[in-house]
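Below are the chains, spelled out letter by letter.
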Amino acid sequence: MTKEELLAIRAERLNIEKYKEAKLKWDSLMKPIDGFGDFEELICQIIAINGDIDIKKRVAMVFCSDNGIVNRGVSQCGKEMTEKVAVSLGKGISTINVLSKAAGADVLAIDVGIDCENTPSGVINKKIKRGTNDFLNTEAMTTYDTIAAINVGIEMVKYAKDKGYRIIATGEMGIGNTTSSTALLCALSKLDSDCLTGRGAGLNDKGLEIKRAVIKDAINKYNKEFEDDRERSLYLLSALGGFDIAALAGVFIGGAIYQIPIVIDGLIAATGAVVAKRLIEESKDYMIASHCSREGAMDYALKELGLKAYIHGNMALGEATGAVMLFPLLDVMAEYYKAGTSFSDCNTENYERFN
């Protein structure tokens, strides 16, 4: 796929008639109007995408990649940890594997840029390169490689759709990717990176100082004006992002193309979602926020996307863990939507909706 082909993608918006039908069904159930608040809207959105509320077949996709910026001391551990976690993902023993088993989800781990010669066993090999460049020296990725990573995400959504999956949770693993995502999000939205740079996987005060300085210098380095915001977004993704973020952007775009709901995990996935929305506006309709990460920039990502988080647990783990934790909540709401007692079952008049 070329840049021109990517920017030419158009997708359908939500099925408004299905959404309205679902809304009427909620209002017919024996409870106060909007008694389940945002969860009612969420079920309506899923039905507008899938045509029904069947989301039992589900998958978490974890995109693994290394970041050249790690050499600047922005993380508590070295890049070798990315490969180690990917090995555990392949063995089915990482954190997301345990949570997904409890939530009834499959896990697909995808190597899009781990800095290792051989992709770990059990991990899908879609490697673009062995990690990104140090973006203080040069752009993290070439435009060609960025689009290749986006295409991997789109292809993985098609694969999931063909396998009958009804909903996808997004995840990532890559030491240093909170640096990449914070730099990218702050550059995209012209935010104050000093205020929004978080500690990632547990930086001390000195490490946080280094991380803030690296991000600020990088944003200044790639501060260019573009007439077309989509061109600017793609440029900044290449300059400051990672193969995991680009692939995640592709997943969100793929959600719109293949009409399947995509659940956002934490900051890195949310940054990919912001890029996707800027490149292909319709992709936003197919996004669902799961939790509000404690990384400072997360609030701003969700605000740009116009989405609300359903879980507020002060988490910062990654691997699609927060996204998968939303699934049991969805199951509870879906079951009530299907089997809840209606006003007509009890020969009682419905509550009236006044807004």
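Structural data are supplied above this passage.
Conventions used here
- Residues numbered from 1 in each chain as written.
- Predicted model: local features only at pLDDT ≥ 70, side-chain atom pairs only at ≥ 80, totals over all residues.
- Heavy atoms only, no water.
- Helix = DSSP H or I, 4+ residues; strand = E, 2+ residues; numbered from the N terminus.
- Expected span 1.5 Å × (residues − 1).
- Buried < 20%, exposed > 50% of the residue type's maximum accessible area, 1.4 Å probe, protein only.
- Salt bridge = Lys/Arg side-chain N within 4 Å of Asp/Glu carboxyl O.
- Axes fitted to C-alpha atoms, helices over the stretch in contact; angles between N-to-C directions.
- Parallel < 35°, antiparallel > 145°, perpendicular 65-115°, else oblique.
- Left-handed = near helix turned anticlockwise from the far one by under 90°.
- Contact = heavy atoms within 4.5 Å.
- Nonpolar A, V, L, I, M, F, W, Y, C, P; charged D, E, K, R; others polar.

Q: Explain helix H12 (residues 267-279) to me, please; I cannot follow it from the model alone.
A: For the α-helix, the turn length of 3.6 residues means that residues three or four positions removed from each other point alike. Compared with an ideal rise of 1.5 Å per residue, which puts 13 residues at 18 Å, H12 spans 18 Å between its outermost C-alpha atoms and is within 8% of the ideal. Where burial is concerned, most of H12 is hidden: 13 out of the 13 residues are buried.

Q: Is there a simple way to explain the pattern of salt bridges in this structure?
A: As a working rule, side chains carrying opposite charge can pair if their charged atoms are close by. All told, the structure shown has 22 salt bridges when counted by the stated rule. A salt bridge links Lys308 to Asp38; the shortest N-O distance between them is 3.3 Å. With a gap of 270 residues between them, Lys308 in the loop between helix H13 (298-305) and helix H14 (321-339) and Asp38 in helix H3 (residues 38-50) connect regions that are remote in the sequence. For Lys308, a relative accessible area of 52% translates into the label exposed. When its relative accessible area of 33% is taken as the criterion, Asp38 is described as partly exposed. A salt bridge links Asp115 to Lys79, with the nearest nitrogen and oxygen atoms 2.6 Å apart. Of this pair, Asp115 sits in the loop between strand S2 (105-113) and strand S3 (124-125) while Lys79 is found in the loop between strand S1 (58-65) and helix H4 (80-91), placing the two residues 36 residues apart along the sequence. By sharing partners, the salt bridges in this structure join Lys23, Asp27, Asp34, Glu41 and Arg353 into a single network.

Q: Looking at this structure, how should I read the packing of H12 against H13?
A: Helix-helix packing is described using two parameters, namely the angle between the two axes and the distance between the axes. Close contact between H12 and H13 brings their axes to 9 Å; oriented N to C, the two are set at 30 degrees. Judged by the inter-axis angle, H12 sits roughly parallel to H13. Note that H12 runs across H13; the crossing there is left-handed. Between H12 and H13, the contacting residues are Leu267, Ala270, Ala273, Val274, Lys277 and Arg278 on the first element and Met298, Ala301, Glu304 and Leu305 on the second. Residue classes in the contact of H12 with H13 are distributed as seven nonpolar, no polar and three charged.

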